[in-house]
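Listed below, chain by chain, are the residues.
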Amino acid sequence: SFSGDRVCEAKELKEVEYKNLTPVEISPNNALNEEKKQYLLAATNGALSVGEDVKQVICNFTDVEQNILVVNSNGVYAKDVRTNCRASVSVVAQNGNKTQTANNNTGRNMGMEFFRTVNFFDFGKDVAEVAKTMLYADECKPGKMTVVVHNKFGGVLLHEACVHSLEATSVAKGLSVFSNKIGE
């Protein structure tokens, strides 16, 4: 609960207009479902073109258009429209009792105009080729090996391997290898 005196008074609202940094040319709400279907069919056909090992292809199309209104107690309010379009492809490849999967997605904080720049046949084919490559790949042999890390990726590896374990939420719940280690 709140106690004490009110610290401010609401002022008369005045709209502030901001430049839209991600203008949408074609709202997904105005695009025909037929156009979206054609993109997904092209991705499916691309994946199936990789060969008989491709047993299943799942394609999804998601679009979201949010109308945002922000109001503060200083009397300022602003509006925004956030648009996001995304397509994903998942492929299952199988040969005998061996199965591998691969998936990828593409999208932007843009309207349908983005998808007119994507070759969906090639996009689906690329995902299926990854699944097929993994299906026939040799098993990794156990043991020590040299690992080369690109200089732009080392921080990500460190973060995933160590930093998540140091986060207070993990330590406090006893879920971290660093829990109860103060002074050690």
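The numbering scheme is per chain: residues are counted from 1 as the chain's sequence reads. In keeping with the predicted nature of the model, local features appear solely for residues at pLDDT of at least 70, side-chain atom pairs appear and are counted solely at 80 or more, and the whole-chain, interface and lining totals rest on all residues. No hydrogens and no water enter the side-chain calculation; it runs on all heavy atoms of the structure.

## Let's talk about the packing of helix α1 (residues 33-48) against helix α2 (residues 120-136)
The condition is simple: All axes are obtained by fitting lines to C-alpha atoms, using only the stretch in contact for helices, and the reported angles, taken between N-to-C directions, cover 0 to 180 degrees. Helix and strand labels come from DSSP, where a helix needs a run of H or I of at least four residues and a strand needs a run of E of at least two; each type is numbered from the N terminus. Roughly parallel here means an angle under 35 degrees, roughly antiparallel means over 145, roughly perpendicular means 65 to 115, and every remaining angle is called oblique. A clockwise turn of the near helix away from the far one marks a right-handed crossing, whereas an anticlockwise turn of less than a right angle marks a left-handed crossing. The contact criterion used is simple: two residues touch if any of their non-hydrogen atoms lie within 4.5 Å. Following the grouping adopted for this structure description, the nonpolar residues are Ala, Val, Leu, Ile, Met, Phe, Trp, Tyr, Cys and Pro, the charged ones are Asp, Glu, Lys and Arg, and the polar ones are all others, Gly among them.
One way to put it is that α1 packs onto α2 with a least axis distance of 6 Å and a crossing angle of 40°. Considering their axes alone, α1 and α2 lie oblique with respect to each other. Note on packing geometry: the crossing formed by α1 with α2 is right-handed. Contacts from Tyr39, Ala42, Ala43, Asn45, Gly46 and Ala47 in α1 reach Phe120, Phe121, Gly124, Lys125 and Ala128 in α2. Split into classes, the residues belonging to the contact of α1 with α2 amount to seven nonpolar, three polar and one charged.

## Notes on the nonpolar core
Put simply, the test is: Residues belong to a common nonpolar core when they are buried Ala, Val, Leu, Ile, Met, Phe, Trp, Tyr or Cys residues joined through side-chain atoms within 4.5 Å. Burial status follows relative accessibility: with a 1.4 Å probe on protein chains alone, a residue under 20% of its type maximum counts as buried, one over 50% as exposed, and anything between as partly exposed.
In this structure, Val57, Phe61, Val89, Val91, Met112, Phe115 and Phe120 are the most contacted members of the largest nonpolar core, which totals 26 residues. Of all the secondary structure elements, the ones that give two or more residues to this core are α1, β2 (54-71), β3 (76-95) and α2. Residue contributions to this core peak at six residues, all from α2. With sequence-adjacent residues up to four places away left out, phenylalanine 115 is seen in contact with Tyr39, Phe61, Cys85, Arg86, Ala87, Thr106, Gly107 and Phe120.

## As for α1
How we decide: Helix span, expected: 1.5 Å multiplied by one less than the number of residues in the helix. Directions are taken from the helix axis to each C-beta atom, and the arc is the one they span.
Along its 16 residues, α1 runs 22 Å from first to last C-alpha, staying within 8% of the 22 Å computed at 1.5 Å per residue. Buried residues of α1: Glu35, Lys36, Tyr39, Leu40, Ala43, Gly46 and Ala47, and no others. The buried residues of α1 occupy an angular sector of 135° when the element is viewed end-on, so they sit on one face. Contacts made by the buried residues of α1 are with β2, β3 and α2.

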